[in-house]
Amino acid sequence: MKKPTKLIHNNAGTGTRRTVNPPIERASTVLFPDRKTLYSATPGYGRMGLGVHRELEAAMCTLEGAAHARLTPNGLSACTVAIGSLVEAGDHVLISDSIYGPTRRFCERRLKTMGIDSDRFSPRNIGDLQSKLRDNTKVIALESPGSLTFEISDTRAIVALAKSRSIRTIMDNTWAAGVFCQPLSLGVDVSVQALTKYVVGHADAFGGAVMTNDPAIYTSLENITEDWGIALAPDDAYAALRGTRTLTTRLREHETTALVLAEWLESQENVTQVIHPALPSHPDHALWQRDFSGSSGLFAFLLNAGSKDSLDAFIDGIKLFKLGFSWGGFESLFIPCDDQLTRLSGDWSRSKDGYLIRLHAGLEDVGDLVADLKGGFDSMASAKTT
Ligand SMILES: *Cc1c(COP(=O)(O)O)cnc(C)c1O
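In this text the structure is predicted, and so the values were computed from the model without any measurement.

Colleague: Could you clarify how one ought to interpret the site of the ligand in this entry?
Modeller: The ligand sits among 13 residues. The nearest are Gly 75, Leu 76, Asp 172, Thr 196 and Lys 197. At 2.5 Å from an oxygen atom of the ligand is found a side-chain nitrogen or oxygen belonging to Thr 196. Here the ligand has 380 Å² of accessible area as a free molecule, and 93% of this is covered by the chains. The class makeup of the residues in the shell around the ligand is five nonpolar, five polar and three charged.

So this is what it looks like as structure tokens:
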């Protein structure tokens, strides 16, 4: 069976009454019939996850081609748990410079207090990565494409380098959602997703998942989540499981709409660069073609607004795309993101002039979305002339 079929038929149903979806068990306490089962049955307590959690883990394994999945309450905790499960005091971690900001902050602020050093490497530069390797480097963590600047890393080359030095690799796969890329099949040890984005898909719940094929890593993931008390609430697990049923279908629509918008933006005179890996103009297009089977709804462009006031006029002229963080839901969103960039290594998108604007193409009619963006350009033009 293909992925969309498997994601719909994961639930075989149990017991005498079968329903299409599993019931949400809202439970801390699980009850046992006798002393023997009290101490032997699993799960013995709601924090370990109940029926819906097991189905969501199975769905995430299907998506990512993984043997094991561990759930966390949000995407950030999935990233921190993945890294934390592979390091101890005295170790060194390398993170790509395009990685999700709060993950970087975890490494640079929290890991530091635990005696673990970190450095950032330029996501497109293997030489830079190589020069930052230390004898105690234990983990290389990347996000590809980075969700603000959309560089694609040469994951296979990074994996080869890491394997030659027994370094573990982690990839944040939220952009491709397990539909357009399976990092484990590229040799990555651990794939991470913020379920909050495409899997939940409706901007109404949080969730995270960490996938691996390595039983020892999985044991370490179990231990760290148990030790730190990290668990996903049953209602959020349900929202994520429900999202998996329509994920592949929704992503096809996000993909098509984003490509129409990206191509339209490329023809706009005040756009200096459209940064979308599926466009031939993207500097990492060939890597994207090699490692990805499609593209999702999130990309960026450089707007030659001239001044902050013109940028504000552009933003004010846009009505359907909403200003807000996150992405992956049914709604179109956009943010100017220069304020978020804290790059250490060279940033290729800066080679052209313009404000970096990130778009998430939602599930609205694409013609309405183009008209909406046009409203932004019109508003910017009239601000310039007045
Ligand atoms: C949003 C996001 C996260 C964090 O997910 P939350 O559920 O918001 O904590 C991690 N990685 C990427 C790439 C994200 O976009």
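Colleague: Honestly, the side chain of Thr 248 in this entry has me stumped. Any pointers?
Modeller: Within the fold, Thr 248 resides in helix α9 (residues 234-266). Apart from residues lying up to four places away in sequence, Thr 248 is in contact with Pro 4, Leu 7 and Val 179.

Colleague: Any chance you could explain helix α12 (residues 366-385) here in plain terms?
Modeller: Working note: α-helix, 3.6 residues per turn, so residues spaced by three or four point in the same direction. Taking 1.5 Å of rise per residue, the 20 residues of α12 would be expected to cover 28 Å, and the 29 Å separating its terminal C-alpha atoms lies within 8% of that figure. For α12, every residue scored as buried is listed here: Leu 369, Val 370, Asp 372, Leu 373, Gly 376, Phe 377, Ser 379 and Met 380. Taken together, the buried residues of α12 touch α9, β8 (271-275), β9 (298-303), α11 (308-316) and β12 (355-360). N-cap assignment for α12: the residue whose side-chain oxygen lies 2.9 Å from the backbone N of Gly 367 is Asp 365.

Colleague: Is there a simple way to explain the packing of α11 against α12 in this structure?
Modeller: Two elements in contact, α11 and α12, have axes separated by 7 Å at closest approach and are oriented at 145°. In the crossing of α11 with α12, the sense of the turn from one axis to the other is right-handed. Contact with α11, carried on its side by Ser 310, Ala 313 and Phe 314, involves Leu 373, Gly 376, Phe 377, Ser 379, Met 380, Ala 383 and Lys 384 of α12 and no other residues of that element.

Colleague: Any chance you could explain the sheet that holds strand β11 (residues 333-336) here in plain terms?
Modeller: Backbone-to-backbone hydrogen bonds join strands into a sheet, with any given pair of strands oriented parallel or antiparallel. Spatial ordering of the open sheet is given by β8-β9-β12-β11-β10, a layout of five strands whose pairing is mixed. In the strand order of this sheet, the two ends are held by β8 and β10 (322-323), each with one partner. When β11 meets β12, the two strands line up antiparallel, connected through four bridges. Residue pairing in the sheet places Leu 333 in a bridge with His 360 of β12. Docked against the sheet, α9 engages β8, β9 and β12, running at close to 10° with respect to β9.

Colleague: Just checking my understanding: could you explain the sheet that holds strand β2 (residues 92-96) for this structure?
Modeller: With mixed pairing, the seven strands of this open sheet are ordered in space as β1-β7-β6-β5-β4-β2-β3. A strand with exactly one partner marks an edge of an open sheet, and here the two such strands are β1 (68-72) and β3 (117-121). Here the strands of the sheet are splayed against their neighbours by 20° on average, with no regard to which way each runs. The pairing of strand β4 (residues 137-143) with strand β5 (residues 168-172) spans five bridges and is parallel.

Colleague: How do you make sense of the domain arrangement of the protein chain when you look at a structure like this?
Modeller: Often the size quoted for an interface is simply the accessible area lost on bringing the parts together. Considered domain by domain, the protein chain is made up of domain 1 (3-243) and domain 2 (247-385). Each of domain 1 and domain 2 was reduced to a C-alpha centroid, and the two centroids are 28 Å apart. If you look at the interface, domain 1 gives 41 residues, while domain 2 gives 44 residues. Inspection of the domain 1/domain 2 interface yields three salt bridges. A salt bridge links Arg 290 to Asp 154, with the nearest nitrogen and oxygen atoms 2.8 Å apart. Counting across the interface, domain 1 meets domain 2 through 16 residue pairs in polar contact (both at pLDDT 80 or more). Listing elements by their share of the side of domain 1 that touches domain 2, those giving two or more residues are α1 (3-8), β3 and α7 (155-164). Split by residue class, the side of domain 1 that touches domain 2 holds 21 nonpolar, twelve polar and eight charged.

Colleague: How should I be thinking about the packing of helix α3 (residues 51-64) against α9 in this particular structure?
Modeller: Each pair of packed helices can be described by the angle between their axes along with the distance between the axes. Across the interface, α3 lies against α9 with an axial gap of 9 Å and an inter-helix angle of 35°. Note that α3 runs across α9; the crossing there is left-handed. In this structure, α3 uses Val 52, His 53, Glu 55, Leu 56, Ala 59 and Leu 63 to contact α9, whose residues at the interface are Pro 234, Ala 237, Tyr 238, Ala 240, Leu 241, Thr 244, Arg 245 and Leu 247.

Colleague: How should the pattern of salt bridges be read in this particular structure?
Modeller: Here the idea is simple: oppositely charged side chains can pair when their charged atoms come close. Enumeration over the complete set of coordinates arrives at 18 salt bridges. Between Arg 134 and Asp 117 there is a salt bridge, with its nearest N and O atoms 3.3 Å apart. Placement of Arg 134 in the loop between α6 (126-132) and β4 and of Asp 117 in strand β3 is noted, with a sequence separation of 17 residues between them. Here Arg 134 falls in the partly exposed class, since its relative accessible area comes to 31%. Using a relative accessible area of 38% as the deciding quantity, one classes Asp 117 as partly exposed. Here the salt bridges share partners, and the residues they tie into one network are Asp 97, Arg 104, Glu 108 and Arg 120.

Colleague: What am I meant to see in the nonpolar core here?
Modeller: Across soluble globular proteins, nonpolar side chains show a tendency to be buried alongside one another. Counting 61 residues, the largest nonpolar core has Leu 56, Met 60, Ile 140, Trp 175, Leu 195, Leu 247 and Phe 292 as the members making the most contacts within it. Of all the secondary structure elements, the ones that give two or more residues to this core are α3, β1, β4, α7, β7 (208-212), α9, α10 (285-291) and β9. By residue number, the principal contributor to this core is α9, which donates seven residues. Each of domain 1 (3-243) and domain 2 (247-385) gives at least three residues to this core. Those residues in contact with Ile 140 that lie beyond four places of it in its chain are Leu 94, Phe 121, Leu 129, Leu 133, Ile 158, Ala 162, Ile 167, Arg 168, Thr 169 and Ile 170.

Each value, and the rule that gives it
Residues numbered from 1 in each chain as written. Predicted model: local features only at pLDDT ≥ 70, side-chain atom pairs only at ≥ 80, totals over all residues. Heavy atoms only, no water. Near = heavy atom within 4 Å. Polar contact = N/O pair within 3.5 Å; in protein donor to acceptor, adjacent residues only side chain to side chain. Areas by Shrake-Rupley, 256 points an atom, 1.4 Å probe, with all protein chains shown as cover. Nonpolar A, V, L, I, M, F, W, Y, C, P; charged D, E, K, R; others polar. Helix = DSSP H or I, 4+ residues; strand = E, 2+ residues; numbered from the N terminus. Contact = heavy atoms within 4.5 Å. Expected span 1.5 Å × (residues − 1). Buried < 20%, exposed > 50% of the residue type's maximum accessible area, 1.4 Å probe, protein only. Axes fitted to C-alpha atoms, helices over the stretch in contact; angles between N-to-C directions. Left-handed = near helix turned anticlockwise from the far one by under 90°. Pairing = 2+ DSSP bridges. Domains from an automatic or database assignment. Salt bridge = Lys/Arg side-chain N within 4 Å of Asp/Glu carboxyl O. Core = buried A, V, L, I, M, F, W, Y, C linked by side-chain atoms within 4.5 Å.

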